[in-house]
Amino acid sequence: MKFIILLIVIIGLCECLLQVDKEWAGGFQGTLFHLVESDTYEWELELQFNKSANIQASQGVLKNKTNEIFTYHCLNWNCTIGEFKVFSFEFTAEGDVKPNNLIGTVFNGITVDLQRVSDPPLVTFPSESVNISKSNGSYDYGMVLYTSLLFYESQRSGRLPANKRISWRDDSMLTDSGSNGEDLTGGYFTKGGLAKESHNMAGFTTLLAWVQLIIMMHYIRDAIQWSTDYLMKAHVSERVFYTSVGDRETDKSFWSRPESVPSSRPSHAMTSEYAQSAILGETAACLAAASIVFRSSDSTYKTKLLTHANQLYSFANETRDQDFPFFPMSMPPMYGDELGWAAIWLYIATNETHYLLDAKRHCDQFELDGYSSFFETDNRELGFVVLMAKITGEEKYRKSVETQCNRYIREGQKTPKAFACLQAADIGINSVEYSNFTKQQIGYILGDSGRSYVVGVGQNYPQRPRDRGSSCPARPPICTEKMLRNPDPNPYLLVDALVDGPDENDVFEDERTNERSNTVSVENNTGFQSAVAGLLYHEIKLGK
């Protein structure tokens, strides 16, 4: 099957692209994409229709309009567009109009060609391995990225939509609730089990939102919303936030389909009496970043996300001293990076200066521009300084990014920092070295060494990922620990799931019982997926 992937790629061949997101009788919702070839500090966009229309858009100020021509000027927060950046503009058109009634666009006084495409067709989860090779022998990063989004759908909890794309998954955990009966259904399974941990869910979703902001794709937005809907449910009041449903110990003693999990599962909440700022800060960052994704397509949802993000950030900031009380005073606080991470995402989402000032204060207080050995949910220092370098251009942040990425690339072995360092490359910091290193890492994962570590992708890929849903046979037979120990391949192909991989000696055992090598999780996939998205973006930028 040929997937239609990453519509932005087409912009290398034309000047402007209209992606039709939704269409109904009398109107449609669409997004315009335009590749800006030089630094732009102010923009104006003209939409030309061949019949009368009503337009709604929130990414610009309506400067002039007739019945058929609408001219929008940039807002304070989105006037600057870097060289070879993709400009996007989401809008809704009503008044008995269809996509083909939009006949022209003018960007900063220059008429640009217009081409139209629709969203990718609904596809089912692949039952065979996916071809990711291009005719020139390189990897098709677009295909890898697209199929990796399907993996997230295999890890969904709650009531699944009617248009689900994975036939062997069904509704699960429909009685998940808080101690006072609050609805906690939905969300994703985390850490390769069946528990739902808000910190990890927020962590991978923040990164997914960052990916969506550089490589726009409808299904990424769907994946983000499945998570943010749950996280806002978990934030049941201003100072009460549920951090988990289920637990890892139960996971270890219970092997079955998600659909067969017992109805009663424990849940745990933070209150003003006891809170961990790291978890609250990461969730605030997640919801703020997601609000940018939905800013134009759903202003009501964007506002809801920002309300929760602001409340959670305030909660984290006010209760910071309650974290990890058993550490001696000489130990640095463990939440400073999440406070800075949340503040800078809130600044990007709102353009409110006090958030940027907060981010700078957190940086100074917690020394966030020092060296960090990780970029993952528990450590956001590198991601924080990359964003600060991008936004402020200040040398101290650029220097911190370069120091950390140089050390990581010349000494590191794993992918979580790759995306952040590719973002550093995007602002001119050792671009060639960082891009080449990431390409080598992703190549190793996809099979350059003769073995792929991504299920259903490349050659000699893992066939026994440690995943409950895909390891169980088709119902009605019950699924027990016997299936965990079954030496045969999983009955269902969990396409694009990244396993934990080889040990420090490059030894890999494709055994489902090997938790060290064969665990798959949404957290793993997001680190991998973000690096692939960064490489794809650089290919687009270079016109490859």
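Residues numbered from 1 in each chain as written. Predicted model: local features only at pLDDT ≥ 70, side-chain atom pairs only at ≥ 80, totals over all residues. Heavy atoms only, no water.

Caption draft 1: Examining the overall build of the protein chain more closely. When helices and strands are counted, the protein chain shows 16 helices and 13 strands. In the protein chain, buried positions account for 58% of the 544 residues. Taking the contacts inside the protein chain whose residues are at least 6 apart along the sequence as the reference set, 70% of them involve residues at least 24 apart. With the model as given, the accessible surface of the protein chain reaches about 22800 Å², and the carbon-plus-sulfur share is 48%. (Helix = DSSP H or I, 4+ residues; strand = E, 2+ residues; numbered from the N terminus. Buried < 20%, exposed > 50% of the residue type's maximum accessible area, 1.4 Å probe, protein only. Contact = heavy atoms within 4.5 Å. Areas by Shrake-Rupley, 256 points an atom, 1.4 Å probe, with all protein chains shown as cover.)

Caption draft 2: Seen up close, helix α12 (residues 431-446). Its 16 residues give α12 an end-to-end C-alpha distance of 22 Å, which sits within 8% of 22 Å, the value for a rise of 1.5 Å per residue. Among the residues of α12, Tyr-434, Ser-435, Phe-437, Thr-438, Gln-441, Ile-442, Gly-443, Ile-445 and Leu-446 are the ones counted as buried. Gly-447 occupies a position one or two residues after α12 and carries a positive phi of about 130°. (Expected span 1.5 Å × (residues − 1).)

Caption draft 3: The environment of Glu-182, seen in detail. Turning to its location among the elements, Glu-182 is positioned in the loop between α1 (141-154) and β11 (196-197). Sequence separation between Glu-182 and Val-236 is 54 residues; the distance between their C-alpha atoms is 7.5 Å. Here Tyr-242 takes part through its side chain, which lies 3.0 Å from a polar atom of the side chain of Glu-182. (Polar contact = N/O pair within 3.5 Å; in protein donor to acceptor, adjacent residues only side chain to side chain.)

Caption draft 4: Region of interest: the pattern of salt bridges. Considering all chains together, one arrives at 22 salt bridges under this definition. For Lys-360, the salt bridge goes to Glu-394, with nearest N and O atoms at 3.0 Å. Taken together, the positions of Lys-360 in helix α8 (residues 353-366) and Glu-394 in the loop between α9 (381-392) and α10 (395-411) put the pair 34 residues apart, joining distant regions of the chain. The class of Lys-360 is partly exposed, set by a relative accessible area of 27%. Overall, the relative accessible area of 28% leaves Glu-394 in the partly exposed class. In this structure, Arg-466 engages Glu-515 in a salt bridge whose closest nitrogen and oxygen atoms are separated by 4.0 Å. With a gap of 49 residues between them, Arg-466 in the loop between α12 and α13 (468-471) and Glu-515 in helix α15 (residues 515-518) connect regions that are remote in the sequence. We classify Arg-466 as buried; its relative accessible area is 15%. Residues joined by salt bridges that share partners form a network here, namely Lys-164, Asp-170 and Arg-475. (Salt bridge = Lys/Arg side-chain N within 4 Å of Asp/Glu carboxyl O.)

Caption draft 5: A look at the environment of Gly-458. Summarising the element assignment, Gly-458 is placed in the loop between α12 and α13. Gly-458 sits in the partly exposed class, given a relative accessible area of 32%. Taking the C-alpha atoms as reference, Gly-458 lies 6.7 Å from Ile-132; in sequence the two are 326 residues apart. Residues within four places of Gly-458 in sequence aside, it is in contact with Val-130, Ile-132, Leu-446 and Ser-452.

Caption draft 6: Up close: empty space enclosed by the protein. Per the stated rule, a full pass over the model turns up four cavities of 30 Å³ or more. Along the walls of the largest cavity sit 13 residues, with Gln-155, Gly-193, Leu-194, Asp-467 and Arg-468 positioned nearest its centre. Class assignment for the residues of the lining of the largest cavity results in four nonpolar, five polar and four charged. (1 Å grid on protein atoms, 1.4 Å probe; cavity = no way out; pocket = protein on both sides within 12 Å on 5 of 7 lines; lining within 4 Å. Points joined across faces, edges and corners; volume = space filled by probe spheres on them. Nonpolar A, V, L, I, M, F, W, Y, C, P; charged D, E, K, R; others polar.)

Caption draft 7: Structural context of the sheet that holds β11. Judged by pairing direction, the sheet is antiparallel, and its three strands sit side by side in the order β11-β12-β13 without closing on themselves. Looking along the sheet, the strands with just one partner apiece sit at the ends: β11 and β13 (267-270). In this structure, strand β12 (residues 241-245) lies alongside β13, joined through four bridges in antiparallel fashion. Paired with Tyr-242 across the two strands is Ala-269, which belongs to β13. (Pairing = 2+ DSSP bridges.)

Caption draft 8: Examining the packing of aromatic side chains more closely. Considering all chains together, one arrives at 22 aromatic pairs under this definition. Note on Trp-210 and Trp-345: the rings are 5.8 Å apart at their centroids and 85° apart in plane angle, and the pair reads as edge-to-face. Placement of the pair is Trp-210 in helix α2 (residues 198-214) and Trp-345 in helix α7 (residues 336-350), with a sequence separation of 135 residues. For Trp-210, a relative accessible area of 4% translates into the label buried. Among the residues examined, Trp-345 registers a relative accessible area of 1% and is labelled buried. Through successive ring pairs, a cluster of aromatic residues spans Trp-43, Tyr-72, Phe-87, Phe-89 and Phe-107. The ring of Trp-226 is capped by Arg-156, whose NZ or CZ atom sits 4.3 Å from the centre of that ring. (Phe/Tyr/Trp six-rings, centres within 6.5 Å; stacked < 30°, edge-to-face > 60°. Lys NZ or Arg CZ within 6 Å of the ring centre and 35° of its normal.)

Caption draft 9: Quick peek at the side chain of Glu-90. Here Glu-90 shows up in strand β7 (residues 85-94). Here Glu-90 falls in the buried class, since its relative accessible area comes to 9%. Within the local environment of Glu-90, its side chain forms a polar contact with the side chain of Arg-221, the two groups lying 3.5 Å apart. Glu-90 has contacts with Gly-30, Thr-31, Ala-57, Gln-59, Arg-221, Val-293, Ser-296 and Ser-297, leaving out every residue within four places of it along the chain.

Caption draft 10: Broad picture of the state of the cysteines. Enumeration over the complete set of coordinates arrives at three disulfides. With its sulfur 2.0 Å from that of its partner, Cys-74 forms a disulfide with Cys-79. One quick way to see it: the torsion about the S-S bond of Cys-74 and Cys-79 is about 85°, and its sign makes the bridge right-handed. Each member of the pair, Cys-74 as well as Cys-79, is classed as buried. Paired by a disulfide, Cys-405 and Cys-421 hold their sulfur atoms 2.2 Å apart. A torsion of -100° about the S-S bond marks the disulfide between Cys-405 and Cys-421 as left-handed. Of the two residues, Cys-405 is situated in helix α10 and Cys-421 in helix α11 (residues 418-425); the sequence distance between them amounts to 16 residues. (Disulfide = S-S within 2.5 Å.)

Caption draft 11: Seen up close, the nonpolar core. The biggest cluster of nonpolar side chains holds 125 residues, and the ones touching the most others in it are Trp-210, Trp-345, Phe-384, Ile-442, Leu-446 and Phe-528. Residue contributions to this core peak at twelve residues, all from helix α5 (residues 277-293). With near-sequence residues (within four places) excluded, Trp-345 lies in contact with Thr-206, Trp-210, Leu-213, Ala-285, Ala-288, Ala-289, Ile-292 and Leu-387. (Core = buried A, V, L, I, M, F, W, Y, C linked by side-chain atoms within 4.5 Å.)

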